[in-house]
Amino acid sequence: MKKITLLFCLVLGTWQGITAQGIKTLPYWAQQKTGDYPGKQDDIFFLNDSLGWYVNGYGKIYKTYNGGKDWRLLVEQKGTFFRCIGFVDSLLGFVGNIGTDYFPNVSDSIPLYKTIDGGKTWSAVDYKGPKVKGLCAIHIYHEPIINAGNLATRAHVYCGGRVGSPAFTMISHDNGKSFVSQDMSRYCAYILDVKFFNAKEGVICAASEGDLEKTHARMLSTADGGQTWKINYTGKRPFENVWKCYFPTRQVGYGTIQSYDTSASKSERYVIKTTDGGKTWKELPLVNDKNVREFGVGFTDELHGWVGAVPKGFETFDGGKTWQASYMGAAANKFRVLKTKSGETVAYSIGVIVSKNKSFIKTGYDALEAMRNAYSGGRWYKHFTFSQEVQYFTKDGKPDKKQVWHEAATFPGKLIIKFDTKDSKNGVLFENNTYHGFQEGKAAVKQAMVHDLLLAGFDVYYLKPWETARQLDSLGYNLNKVREDKWMGREVLVIGADAGDSLSPQIWIDKERFYLHRIVYKQRGALRDVTFENYEKQEGNWVATFVTFKQNGVLQMTERYYDIKFPKSIKEDWFKPEKFTDVKLE
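Parameters at a glance
Residues numbered from 1 in each chain as written. Predicted model: local features only at pLDDT ≥ 70, side-chain atom pairs only at ≥ 80, totals over all residues. Heavy atoms only, no water. Pairing = 2+ DSSP bridges. Helix = DSSP H or I, 4+ residues; strand = E, 2+ residues; numbered from the N terminus. Axes fitted to C-alpha atoms, helices over the stretch in contact; angles between N-to-C directions. 1 Å grid on protein atoms, 1.4 Å probe; cavity = no way out; pocket = protein on both sides within 12 Å on 5 of 7 lines; lining within 4 Å. Points joined across faces, edges and corners; volume = space filled by probe spheres on them. Nonpolar A, V, L, I, M, F, W, Y, C, P; charged D, E, K, R; others polar. Phe/Tyr/Trp six-rings, centres within 6.5 Å; stacked < 30°, edge-to-face > 60°. Buried < 20%, exposed > 50% of the residue type's maximum accessible area, 1.4 Å probe, protein only. Lys NZ or Arg CZ within 6 Å of the ring centre and 35° of its normal. Contact = heavy atoms within 4.5 Å. Disulfide = S-S within 2.5 Å. Parallel < 35°, antiparallel > 145°, perpendicular 65-115°, else oblique. Left-handed = near helix turned anticlockwise from the far one by under 90°. Salt bridge = Lys/Arg side-chain N within 4 Å of Asp/Glu carboxyl O.

Enquirer: Would you mind showing me how to read the sheet that holds strand S7 (residues 72-76) here?
Expert: Strand-to-strand pairing in sheets goes through backbone hydrogen bonds, with the strands running parallel or antiparallel. One open sheet accounts for four strands, arranged S4-S5-S6-S7; its pairing is antiparallel. On the outer flanks of this sheet lie strand S4 (43-46) and S7, each paired with one strand and no other. Neighbouring strand axes in the sheet, compared pairwise and without regard to direction, differ in orientation by 20° on average.

Enquirer: So what exactly am I meant to see when it comes to empty space enclosed by the protein here?
Expert: In this approach the atoms are scanned with a rolling probe the size of a water molecule, which exposes any empty space left behind. Inspection of the entire model under this criterion finds two cavities of 30 Å³ or more. There is about 70 Å³ of room inside the largest cavity. Along the walls of the largest cavity sit Thr385, Phe386, Ser387, His406, Glu407, Lys422, Asp563, Lys565, Leu585 and Glu586, which together make up its complete lining. Secondary structure elements with two or more residues in the lining of the largest cavity: strand S31 (383-393), strand S32 (399-410) and strand S43 (554-565). If one sorts the elements of the lining of the largest cavity by residue count, S31 sits on top with three residues. Residue classes in the lining of the largest cavity are distributed as two nonpolar, three polar and five charged.

Enquirer: Quick question: what am I supposed to make of the packing of aromatic side chains here?
Expert: Geometrically, a pair of aromatic rings is defined through the distance of the ring centres and the angle of the planes. Following the criterion strictly, the structure yields 42 aromatic pairs and no others. Between Tyr381 and Phe411, the ring centres sit 5.6 Å apart and the planes meet at 75°, which makes this aromatic pair edge-to-face. Residue Tyr381 is found in the loop between helix H1 (364-374) and S31, and its partner Phe411 is found in the loop between S32 and strand S33 (414-419); the two are separated by 30 residues along the sequence. Look at Tyr381 and you get buried, because its relative accessible area is 7%. Ring centres of Phe430 and Tyr435 lie 5.2 Å apart, and the angle between their planes is 35°; this geometry places the pair in the tilted category. The structure contains a cluster of three or more aromatic residues connected by ring pairs, namely Tyr375, Trp380, Tyr381, Phe384, Phe386, Phe411, Phe458, Tyr461, Tyr561 and Phe566. The ring of Tyr392 is capped by Lys401, whose NZ or CZ atom sits 5.3 Å from the centre of that ring.

Enquirer: Before we go on, may I ask you to explain the environment of Ser109 in this structure?
Expert: Secondary-structure assignment places Ser109 in the loop between strand S9 (93-97) and strand S10 (112-115). Looking at Ser109, the relative accessible area reads 37%, which means it is partly exposed. As a C-alpha pair, Ser109 and Ser221 span 112 residues in sequence and 28 Å in three-dimensional space. Those residues in contact with Ser109 that lie beyond four places of it in its chain are Asn97, Thr100 and Val132.

Enquirer: Explanation requested: the state of the cysteines in the structure shown.
Expert: A disulfide bridge is the covalent bond that connects two cysteines by way of their sulfur atoms. Evaluation of the coordinates by the stated rule reveals zero disulfides. Not part of a disulfide, Cys245 finds its nearest cysteine sulfur in Cys205, a span of 3.4 Å.

Enquirer: Looking at this model, I keep getting lost on unusual backbone geometry. Mind explaining?
Expert: Comment: phi is negative for the bulk of residues other than glycine, and the bulk of peptide bonds are trans. In this model, Gly161 is joined to Arg162 through a cis peptide bond whose omega is 0°. The amide bond that connects Phe411 to the next residue, Pro412, takes the cis arrangement and shows omega of 10°. A positive phi angle, close to 75°, is found at Asp420, a residue other than glycine. Relative to the helices and strands, Asp420 resides in the loop between S33 and strand S34 (427-431).

Enquirer: Sorry if this is basic, but what is going on with helix H3 (residues 465-474) here?
Expert: Since the α-helix turns once every 3.6 residues, residues separated by three or four places project in the same direction. Three or more residues of H3 are buried, namely Pro465, Trp466, Thr468, Ala469, Gln471 and Leu472. Next to the buried residues of H3 lie strand S3 (24-31), H1, helix H2 (452-457) and strand S39 (506-510). The first or second residue beyond H3 is Gly476, which carries a positive phi of 100°.

Enquirer: Would you take a moment to explain the packing of H1 against H3 for this structure?
Expert: Axes are the key here: two packed helices are described by the angle between their axes and the distance separating the axes. At a minimum axis distance of 9 Å, the contact between H1 and H3 shows a crossing angle of 130°. Classified by the angle their axes make, H1 and H3 are oblique. At the point where H1 passes H3, the crossing takes the right-handed sense. Facing H1, whose interface residues are Tyr365, Leu368, Glu369 and Arg372, H3 presents Pro465, Trp466, Thr468, Ala469 and Leu472. In the contact of H1 with H3, the residues fall into six nonpolar, one polar and two charged.

Enquirer: Hey, could you run me through the pattern of salt bridges in this one?
Expert: Think of it this way: side chains of opposite charge can pair up when their charged atoms draw near. Per the stated rule, a full pass over the model turns up 25 salt bridges. Glu143 is paired through a salt bridge with Arg154; the nearest N and O atoms lie 3.1 Å apart. Of this pair, Glu143 sits in strand S12 (residues 137-147) while Arg154 sits in strand S13 (residues 150-161), and the two are eleven residues apart along the sequence. The salt bridge involving Lys486 is made with Glu491; its shortest N-O contact spans 3.8 Å. Through salt bridges that share partners, Glu484, Lys486, Glu491 and Lys511 make up one connected network.

Enquirer: Looking at this structure, I do not really get the sheet that holds S10. What am I missing?
Expert: The strand order S8-S9-S10-S11 describes an open sheet built from four strands, whose pairing is antiparallel. The two strands at the open ends of the sheet, each matched to only one other strand, are strand S8 (82-87) and strand S11 (123-124). In this structure, S10 lies alongside S11, joined through two bridges in antiparallel fashion. From the neighbouring strand, Tyr113 faces S11, where its bridge partner is Ala124.

Okay, here's the thing in structure tokens:
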């Protein structure tokens with residue numbers, strides 16, 4: 001039975017250019033632990049780097065006090081589709097509802113709600129003017145004023161909507177005490193986003209017609225606080241609107257052109273850019289793919305920013321000249337960019353998930369988030385099969401017997417090993433954090449077991465970061481620790497141990513490529529030290545073709561991998577304990 005306690009590990013990955021220079025890294029997106037939602041969520045707002053809120057179509061409002069680490073459900077109002085949110089200060093805030101006759105199961109016709117207690121309770125906002133059907137956007141501008149000789153601010157609240165028409169604004173110039181609505185049908189049919197630069201000057205993202213087949217993307221601007229508007233841009237193609245906009249500076253801004261034309265001949269997707277504060281707009285190509293639909297946009301400065309989309313997002317570092325894939329989650333609808341107290345720029349996005357963009361790895365947990373993001377969007381393989389030559393060593397380090405293992409895995413958490421032949425009745429199986437050992441076709445061992453190597457080398461790319469962290473914490477890894485080091489000529493991040501500590505559980509990952517180099521862990525009272533060497537690129541994937549295992553400092557075995565394949569699927573029966581004897585690996 002000794003041989004079935006020797007566990008396999010191999011590491012492999014796909015490098016997509018994410019690098020880490022010291023603990024300072026290129027920005028990466030980290031999924032936040034939020035409530036589940038089946039589709040696109042629409043808005044998130046942060047007052048500072050700690051205090052924030054987000055909303056969704058279930059009529060739910062969430063709040064964080066710690067920069068998104070934890071979110072608390074404040075409100076669940078069934079029949080309401082919360083679409084947008086903004087706060088004047090920590091107590092006074094506003095939230096918009098999409099209204100009836102657009103999405104199913106929405107019965108609430110109140111367009112705007114107000115809170116004066118930080119979001120605990122909300123009341124309908126009264127307004128003067130024509131009836132507003134629903135809202136899609138809220139922007140709050142804080143105007144500097146002098147009040148009794150003291151510097152103060154006056155909040156102007158600008159609201160607009162809605163998708164699917166009709167188009168209305170609701171505007172307050174007195175800290176949200178009173179609102180006046182305006183019918184915007186002479187300018188546009190949809191209002192999808194609102195941005196004001198001061199109390200008078202602002203822009204609106206819009207669509208020209210209510211009929212989807214006839215509508216064109218449109219941008220409006222105002223110079224009198226929203227009383228009158230000017231059409232500054234109308235796209236030439238039907239099936240389009242301007243969904244969202246973002247201005248990293250007063251003069252430079254970007255907008256997303258959302259297209260519903262899926263014909264092969266109309267597959268080019270665009271963003272628009274202004275360099276004169278919204279007076280004129282220029283189209284920039286984003287991608288040529290009829291399956292892409294754009295949503296939100298956000299920028300940290302004039303050059304670096306993101307576009308949210310399905311099936312994945314995009315990132316630019318040169319002001320929109322070129323774009324590359326970015327993985328903040330599908331359908332990122334709104335971005336919020338802000339400075340932390342330490343001066344770090346962070347961004348949040350909300351869509352199918354809520355994500356936070358970071359540029360520093362400060363803890364082991366941050367490193368797990370960076371690992372997952374480095375290969376998110378299906379860039380880490382889901383299935384693979386291979387064979388390996390196992391060389392055992394005696395206690396004094398001399399080569400002993402050899403053996404061949406045949407293996408197959410599906411991630412997260414499934415691994416089967418057949419000893420000697422592909423239809424062997426001897427081997428091991430891992431599934432659902434359970435270890436099964438088989439000898440002569442009979443189940444010889446069954447025990448609960450979190451497989452350190454499987455978890456840190458493979459499952460980390462599929463599990464949510466907090467799920468990986470919870471399991472590693474249960475195994476004794478200190479995720480509060482992370483440091484830089486070097487390993488076999490590569491720059492690495494070390495999770496769980498200080499320099500010079502070779503006894504604590506620790507994970508060594510590549511700083512540039514974010515795959516596993518080394519792992520030290522405790523098993524059955526022994527200290528195991530596993531290293532991954534001789535990386536090769538096979539079928540576009542990085543593979544460590546040679547792995548060493550030490551136990552209590554003594555070389556125990558090596559594994560050399562060959563016949564590596566990446567199938568599109570693997571039979572589920574291969575990972576069922578009751579089927580082990582019948583399985584013949586392919």
